[in-house]
Amino acid sequence: MDYKDYYKTLGISKTAGQDEIKKAYRKLAAKYHPDVNPDNKEAAQKFKEVSEAYEVLKNPEDRKMYDELGSDWKQYKRSGGQAQDFNWQEWSQQRGRRPRQRTYTYQGSPGFEDQFGGESPFSDFFESFFGGGGSGIGAEPRTARRRAPAKGRDVNAELDITLEEAYHGSEKSFMINGQRIRVKVPPGIESGKRLKLTGKGEASPSNGKPGDLYIKLNVLPHPNFRREGDNLHTELPIDLYTAVLGGTISVPTLGEKFNIKISPETQPGKTLRLTGRGMPNFSNPSQRGNLYVKLGVRIPENLTVKEKELFGKLAELRK
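Residues numbered from 1 in each chain as written. Predicted model: local features only at pLDDT ≥ 70, side-chain atom pairs only at ≥ 80, totals over all residues. Heavy atoms only, no water.

Help me understand the overall build of the protein chain in this model?
The number of helices and strands found in the protein chain is 11 helices and 11 strands. Across the protein chain, the fraction of contacts at a sequence separation of at least 24, relative to all contacts at a separation of at least 6, is 56%. Surface exposure of the protein chain reaches about 20,200 Å², of which carbon and sulfur atoms provide 47%. (Helix = DSSP H or I, 4+ residues; strand = E, 2+ residues; numbered from the N terminus. Contact = heavy atoms within 4.5 Å. Areas by Shrake-Rupley, 256 points an atom, 1.4 Å probe, with all protein chains shown as cover.)

Written as structure tokens, this is what we have:
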């Protein structure tokens, strides 16, 4: 069994600080995670190696022990020692170190061992080095240790809501896995956001905690309003006479209707900003975005003979 260079695995130097170690691990774990690379054995193996390296280097005590042994590993093998013969407890006694009692519990990705058929997430090198990926030095044998019951699988679902429901907030009810779920939709939520319902996932196969339910919300398109962040955009046609002479019009919103004054000689395409008439902010619903109203002009149809004469006279006056 060869010595494993955990620093090389994470792509960092031996003088790297804890922040650098954590940053390198997160980047590689995201790249090789089994959820991102389903059925990719090479990526799965790489994920195990990266996780094992981080498990050692993130702990100052483990890292110090690893660094001390690393310089003597090849010498130990050249002397005829085999991996299965190596006993850190004896080694530490020879060097005047008091052997410690420790149990390792992997704190990486949930369901990590399940991703690899229940096998240990640690290599033979790690287990020879630290006494096992779960039993630890001086702890009970692997076959006798007790594991906490496995958590049930998390469940992912999607839920469609209207823009009005996202504006006001709402309560939705639906069936999943044979149970009726009620979920409160907070005001201002955006499409793509996920809500977590703890314990509403699949039941545990070993009497452990149930998994969680993650609901991805899809806000459906609205026929009259377009959303950009907390702002809303709409188009509103006004009649020719109001555009020319000015007047008051009613603007529909997702809340109450709002009246605004139109200045005389308003041109088509002019956009009005209504402050605070947009979507509530998800983090602070008391704050709202703006509503932008783009004005259009409706040309009158089915003109009478008299109306046409009057428009003709207007045309002559404009000349």
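In this structure, what is going on with the packing of helix 2 (residues 18-32) against helix 3 (residues 41-57)? I would like to understand it.
Geometrically, a packed helix pair is captured by the angle between its two axes and the distance between the axes. Axis separation between helix 2 and helix 3 bottoms out at 9 Å; the angle between their running directions is 165°. In terms of orientation, helix 2 lies roughly antiparallel with respect to helix 3. Crossing of helix 2 over helix 3 shows left-handed handedness. Together, Gln18, Ile21, Lys22, Tyr25, Leu28, Ala29 and Tyr32 of helix 2 and Ala43, Lys46, Phe47, Val50, Ser51, Tyr54 and Leu57 of helix 3 make up the contact between the two elements. (Axes fitted to C-alpha atoms, helices over the stretch in contact; angles between N-to-C directions. Parallel < 35°, antiparallel > 145°, perpendicular 65-115°, else oblique. Left-handed = near helix turned anticlockwise from the far one by under 90°.)

Honestly, the nonpolar core in this entry has me stumped. Any pointers?
A general tendency of soluble globular proteins is for nonpolar side chains to be buried together. Ranked by internal contacts, the top residues of the largest apolar core, which has 35 residues, are Ile161, Leu213, Ile215, Leu217, Ile249, Val251 and Leu295. In this structure Leu217 touches Leu159, Ile161, Val185, Ile189, Glu190, Ser191, Gly192, Lys193 and Leu195, once residues within four positions along its chain are discounted. Of all hydrophobic cores here, the second largest spans 19 residues; its members include Ala29, Tyr32, Ala43 and Leu57. (Core = buried A, V, L, I, M, F, W, Y, C linked by side-chain atoms within 4.5 Å. Buried < 20%, exposed > 50% of the residue type's maximum accessible area, 1.4 Å probe, protein only.)

What is the right way to look at the packing of aromatic side chains in this model?
The relation between two aromatic rings is expressed through the spacing of the ring centres and the mutual angle of the planes. What the rule picks out here adds up to 3 aromatic pairs. Ring-pair connections join several aromatic residues into one group, and the members of that group are Tyr6, Tyr7 and Tyr66. (Phe/Tyr/Trp six-rings, centres within 6.5 Å; stacked < 30°, edge-to-face > 60°.)

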